[in-house]
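# An overview of the molecular structure
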Amino acid sequence: MGRPSLKPTLIPHSRNFKDKFLYERRRMGHKGKLLQKTPNQLADEYGVTKKVARYWMKKAQDPNFHSYSWGGFRWSKYSPDEHTVITFLILLLYFIINETTLKEYTIMLTGFGFNVSRMYVSRVIKACGLTFKVPETVQRAKFTEENMRYYGDYIFWTSHIPWDKLFFLDEASYNTKDLHRRRVLGPIGKRVCSINPMPLRATYNTTILTRYPMNEDEQPFYMSLRVSSNTAWDFLLFVMDAVESGFLPPYSFLVIDNAAVHLANETTPLLQVVLDAAHIRIICMPKYSPELSPAELVHGHSKGFIREHQGLFEQLADAIITGHGLITNEMMRNFYKHTLDYFNREYPE
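Strand order across the open sheet formed by five strands is β3-β2-β1-β4-β5, with mixed pairing between neighbours. Each edge of the open sheet is held by one strand with a lone partner, namely β3 (221-226) and β5 (281-284). For this sheet, the mean inter-axis angle between neighbouring strands, taken without regard to orientation, is 25°. Across three bridges, the pairing between strand β1 (residues 166-175) and strand β4 (residues 253-256) is parallel. Along β4, the bridge assignment pairs Phe 167 with Leu 254. Sheet strands touched by helix α8 (residues 232-245): β1, β2 (203-210), β3 and β4. Its angle to β3, the strand with the most contacts, is close to 145°. Sitting on the sheet, helix α12 (residues 329-340) touches β1, β2 and β3, and the angle it makes with β1 is about 100°.

Structural data, given as structure tokens:
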């Protein structure tokens, strides 16, 4: 059975529920039959929800309840002045430490005498233009005065070097346990398992050397795949192979990060001899600055491909090779533009 229709003798149908209710209130008074009904009865009689019926019953009984004609102050539990104080306390704690959770905000406000819910705090935070996000973890050593000065010098140097002369080298580790989809669909309240056909203990390390391809027939990167971890001697042999194969040409710049294997005491003298003979210079990136290397974007693209297509491969090595093989020259040019032209819009390609 549906809800009964409104009585035509009560009030014209064209008026909304608010007009109907206030009309009945004025006609019958506070002690009339209308206010003696339950919210369920009013909802059925006027064809509205119980929440709307309950709201207008409170408004008819207490003229000070939500005194606005419509809309208005959303959190009626506290006055506008109290709401301002609550907002100030939340913003104060946000500026002191932005890692506070909703539960901690609620406990803090309770200590100040405001018994608020997490939903209330969430609405206030949203009204302030804030939201909870997954933070990007950065190293404190990146923001030292010395490193920030070098950061600026590095940007200045690279902005005056042709992109086809910049070769970026970087290593990455691939572990099957870390290469799975972040979210899957499953029933509420139950644990969900992800089946990975690749061995869970499979671990590989890759070293890639990127370049800006000027022609479509040029290879965008040079790669080495190893089962064992990367050592200083592995790095040295990789650079020597890149020079010998011609991928790292003379009079170019080799850009590396500050990993220990790149500038080890036992291999640095020999590395310098090899690079000097080929007239190749080394440029070290600022500390903890992966956003400046297109090689990082290559690794990120490859790992993203493996996460999306992990069910298609039984061996991690095959997935790594396939993921890197999808890197085109156009993608590599975009990677260079993203990392180099980000700070130097006045130096067009």
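Read on, since the account is not over.
Its 17 residues place the ends of helix α4 (residues 80-96) 24 Å apart at the C-alpha level, agreeing with the 24 Å of an ideal helix rising 1.5 Å per residue. Of all the residues in α4, the buried ones are His 83, Ile 86, Thr 87, Leu 89, Ile 90 and Leu 93. Buried positions in α4, seen along its axis, are confined to an arc of 160° and lie on one side of it. In α4, those exposed residues whose orientation departs by more than 90 degrees from the buried face are Asp 81, Phe 88, Phe 95 and Ile 96.

Further remarks concern the confidence of the model for the chain. Where the model shows low pLDDT, its predicted coordinates should not be examined in detail. Considering every residue of the chain, the mean pLDDT works out to 82; 82% of them sit at 70 or more. Mean pLDDT per element in the chain: helix α1 (residues 17-28) is the minimum at 63, and β4 is the maximum at 97. The model gives residues 1-15 a pLDDT under 50, and that stretch makes 25 contacts with residues more than four places away or in other chains. Per-residue pLDDT stays below 50 along residues 71-75; that stretch engages in 14 contacts with residues further than four places along the chain or on separate chains.

Each value, and the rule that gives it
Residues numbered from 1 in each chain as written. Predicted model: local features only at pLDDT ≥ 70, side-chain atom pairs only at ≥ 80, totals over all residues. Heavy atoms only, no water. Pairing = 2+ DSSP bridges. Helix = DSSP H or I, 4+ residues; strand = E, 2+ residues; numbered from the N terminus. Axes fitted to C-alpha atoms, helices over the stretch in contact; angles between N-to-C directions. Contact = heavy atoms within 4.5 Å. Expected span 1.5 Å × (residues − 1). Buried < 20%, exposed > 50% of the residue type's maximum accessible area, 1.4 Å probe, protein only. Arc of directions from axis to C-beta. pLDDT = per-residue confidence, 0-100.

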